[in-house]
Amino acid sequence: MPECPPTLASLRKGYTAEVKPEETAAPRISLIIPAFNEEELLPRLLDSVDAARAAFDGKVEVIVADNLSTDATAELARRRGCRVVVVEPRSIACVRNGGAAAAQGEILAFTDADGRIHRRTFEVIDAAIASGRIVAGATGGRFERWSLGLAVTFAAFAPIAVATGFDTGVVFCQRADFAAVGGYDESRLFAEDVAFLLALRRHGKTTGRRLSRPRGARTVISTRKFDRWGDWHFFTRMPAVGWRLLKDPKAATDFARQYWYRPER
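Keep in mind that what you see is a predicted model, and the values were worked out from it rather than measured. (Residues numbered from 1 in each chain as written. Predicted model: local features only at pLDDT ≥ 70, side-chain atom pairs only at ≥ 80, totals over all residues. Heavy atoms only, no water.)

## Here's the deal with the overall build of the protein chain
Summing up its helical and strand segments, the protein chain has 11 helices and 10 strands in all. The 265 residues of the protein chain split such that 48% are buried. Surface exposure of the protein chain reaches about 12,700 Å², of which carbon and sulfur atoms provide 54%. (Helix = DSSP H or I, 4+ residues; strand = E, 2+ residues; numbered from the N terminus. Buried < 20%, exposed > 50% of the residue type's maximum accessible area, 1.4 Å probe, protein only. Areas by Shrake-Rupley, 256 points an atom, 1.4 Å probe, with all protein chains shown as cover.)

## Structural notes on the packing of aromatic side chains
The final tally for this structure, using the stated rule, is 14 aromatic pairs. Aromatic pair F110 and Y184: ring centres 5.2 Å apart, planes at 80°, arrangement edge-to-face. Residue F110 is located in strand β5 (residues 107-110), and its partner Y184 is located in the loop between α6 (175-181) and α7 (192-205); the two are separated by 74 residues in the primary sequence. You'll find F110 and Y184 in the same group, each marked buried. Ring pairs connect the aromatic residues F143, W146, F154, F157, F226 and F234, which therefore count as one cluster. In this structure, R90 packs its charged tip against the face of F36, placed 3.8 Å from the ring centre. For the cation-ring pair, R96 lies above Y184, with the distance from its terminal atom to the ring centre recorded as 5.2 Å. (Phe/Tyr/Trp six-rings, centres within 6.5 Å; stacked < 30°, edge-to-face > 60°. Lys NZ or Arg CZ within 6 Å of the ring centre and 35° of its normal.)

## Observations concerning unusual backbone geometry
Unlike most non-glycine residues, N37 shows phi in positive territory, near 55°. Within the fold, N37 resides in the loop between β2 (29-35) and α1 (42-54). One non-glycine residue, A191, lies in positive phi territory at about 65°.

## Quick notes on empty space enclosed by the protein
Going through the model one piece at a time under the given rule, you end up with 1 cavity of 30 Å³ or more. Taken together, L46, V49, D50, R53, V62, R80 and C82 form the lining of the largest cavity. Ranked by residues supplied to the lining of the largest cavity, first place goes to α1 with 4 residues. For the lining of the largest cavity, the class distribution of residues is 4 nonpolar, no polar and 3 charged. (1 Å grid on protein atoms, 1.4 Å probe; cavity = no way out; pocket = protein on both sides within 12 Å on 5 of 7 lines; lining within 4 Å. Points joined across faces, edges and corners; volume = space filled by probe spheres on them. Nonpolar A, V, L, I, M, F, W, Y, C, P; charged D, E, K, R; others polar.)

Pasting the structure below:
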């Protein structure tokens, strides 16, 4: 596993950022988008981000954390007015932390480059944090297309989200709380998002705050993994993968690189 620099500190080796000198007022929210070879799908996300920024009274900065893309991802992000942070280690946790290290906002929000956020996203996030009762949260999401396999998958995971407070979509927390838990666990190639929310839930209990799944701002989630692996793959493929991982923990790295870190993206 490549070593990643500490989070939320001054930018270190492996992290380079572009800062616009005219931007002096600190933003309320920093939206961090990890990206590797996302020139095809990033524009539709940024279109949705523009709509959400227009609907929000506060200031939002958008940071694309570019994981050494070989396509036009970084150039496209610059043209669209995003700040670009280059993060070298091939690890989603490192990429998210690299974007957070460059962020200036009081609230840090994270979303995937292949989805689309809701127009009310920043309004909902701001209200949740302003309540003083929320340590972190996620807006939730819905698939960009549906089939029987996708519907059954959604139905299987929905009760877990309700019971635990863990969800997908746009994940958010305050900068201070992000620093308190050390950001995303960089030793993990996958499930770092679950570990992150679990750490924040534990941290929130010390100050009487909880996780939130605010309504009214669901993200549209890409189904490209289902397009590649099949709409039923969580039931036909994943049980065998889970058994294999129990027998050979080292297989987790091979699985992660095949499922999440394919060379072409």
